[in-house]
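As a plain string of letters, each chain reads:
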Amino acid sequence: MEWMVAITGLPTDILILVLLAIAGAFAGFVDSIVGGGGLISVPAMLLTNVPPSVALGSNKLSSIFGAGSAAITFLRNGMVDFNLVRKLLPFTFIGSILGTIAVVSMPPLYVKPLIIVLLVAVTLFVVFKKDWGEVNRTSQVLGKALYICMGFAFCIGVYDGFIGPGTGTFLIMGFIFTGFDFLHASANAKILNFTSNLASLLVFLFLGHVNILYGLAAGAGQILGAYVGSHLAIAKGSSLVRGVFLTVTTVMLFKLVIDYISTL
């Protein structure tokens with residue numbers, strides 16, 4: 001950080017806020033399309049040398065701006081199946097609260113092997129089944145399928161509160177398995193992602209694990225990135241979302257594997 005201060009001539013505090021805003025913009029762009037923005041924003045927040053729990057809490061504050069901005073764009077363009085999503089919101093909200101409470105008392109190390117296996121399976125599936133997620137094949141989700149979606153929404157909420165990065169990506173997977181194409185799955189996922197971020201943030205705020213200034217700085221960047229990313233996704237359609245999806249899941253997979261190996 002000292003060498004950057006010397007080059008830019010900016011005070012350390014201002015430089016940190018600028019860098020968080022830039023990282024937030026990249027995170028918001030990626031996250032609005034396919035999720036996984038936390039792979040950018042969480043490490044950036046950790047570089048400020050705040051405690052890990054504060055980094056996670058501050059990231060949740062910034063993430064609600066990005067997710068909210070993208071969600072509004074998708075809603076205005078009629079891309080969200082709100083009749084389905086509104087039934088899933090309470091499950092995601094409660095799950096995220098429980099996951100956030102858990103993360104302050106136990107390490108997420110034990111969950112990572114399962115996530116790695118799941119990412120490998122889904123990435124290979126998308127690569128070899130090229131028509132998956134290209135066409136919207138669902139009209140209504142009812143009966144047993146709805147209950148499965150509720151359980152999935154709850155589990156992903158727990159995951160978001162407990163670990164976080166990649167939540168939007170896993171939500172998209174779930175909606176595609178239900179029959180949505182990549183674009184509509186991304187739109188639906190963003191509503192639930194906003195809900196899980198909000199629930200988690202409330203817990204972090206209650207526990208005093210949020211740096212408001214850092215969160216708002218990154219949040220300002222998230223708004224810009226999410227606006228550009230969501231509009232680009234709508235303009236380019238499912239083919240763009242599919243490409244970004246594969247890229248993000250591959251990067252996420254490598255990062256999780258490296259992190260897991262380093263802790264053994």
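Computed from a predicted structure; not experimentally measured. (Residues numbered from 1 in each chain as written. Predicted model: local features only at pLDDT ≥ 70, side-chain atom pairs only at ≥ 80, totals over all residues. Heavy atoms only, no water.)

Our focus in this paragraph is the overall build of the protein. The number of helices and strands found in the protein is 11 helices and 0 strands. Listing the helices and strands of the protein from first to last along the sequence gives α-α-α-α-α-α-α-α-α-α-α. For the protein, the share of sequence-separated contacts (at least 6 apart) that also reach a separation of at least 24 residues comes to 82%. When the accessible area of the protein is evaluated, it comes to approximately 12000 Å², of which 73% is carbon and sulfur surface. (Helix = DSSP H or I, 4+ residues; strand = E, 2+ residues; numbered from the N terminus. Contact = heavy atoms within 4.5 Å. Areas by Shrake-Rupley, 256 points an atom, 1.4 Å probe, with all protein chains shown as cover.)

Further remarks concern the pattern of salt bridges. Counted by the stated rule, this structure contains 2 salt bridges. Two residues, Asp-160 and Lys-60, come together in a salt bridge whose shortest N-O distance is 2.7 Å. Here Lys-60 lies in helix H4 (residues 52–76) and Asp-160 lies in helix H7 (residues 143–162), a separation of 100 residues in the sequence. Of the residues examined, Asp-160 reaches a relative accessible area of 2% and is grouped as buried. (Salt bridge = Lys/Arg side-chain N within 4 Å of Asp/Glu carboxyl O. Buried < 20%, exposed > 50% of the residue type's maximum accessible area, 1.4 Å probe, protein only.)

We now examine helix H10 (residues 212–236). Along its 25 residues, H10 runs 35 Å from first to last C-alpha, staying within 8% of the 36 Å computed at 1.5 Å per residue. Just beyond H10, the residue with positive phi is Gly-237, at close to 80 degrees. (Expected span 1.5 Å × (residues − 1).)

Here we take up the packing of H7 against helix H9 (residues 182–207). Running from amino to carboxyl end, H7 crosses H9 at an angle of 50 degrees, the nearest separation of the two axes being 9 Å. Taken together, the axes of H7 and H9 lie oblique to each other. For H7 against H9, the interelement crossing comes out right-handed. In this structure, H7 uses Ala-153, Asp-160 and Gly-161 to contact H9, whose residues at the interface are Leu-192, Asn-193, Ser-196, Asn-197 and Ser-200. (Axes fitted to C-alpha atoms, helices over the stretch in contact; angles between N-to-C directions. Parallel < 35°, antiparallel > 145°, perpendicular 65-115°, else oblique. Left-handed = near helix turned anticlockwise from the far one by under 90°.)

The next subject is the environment of Ile-94. Mapping Ile-94 onto the fold places it in helix H5 (residues 82–103). For Ile-94, a relative accessible area of 45% corresponds to the partly exposed category.

Inspection of the secondary structure assignment puts Thr-73 in helix H4. On the accessibility criterion, Thr-73 (7% relative accessible area) is buried. Beyond its immediate stretch of four places on either side in the chain, Thr-73 contacts Ser-230, His-231 and Ile-234.

Quick look at unusual backbone geometry now. Excluding glycine, most residues fall at negative phi; most peptide bonds, likewise, are trans. In this structure, Asn-49 is a non-glycine residue whose phi angle is positive, near 70 degrees. By the secondary structure assignment, Asn-49 is in the loop between helix H3 (38–46) and H4.

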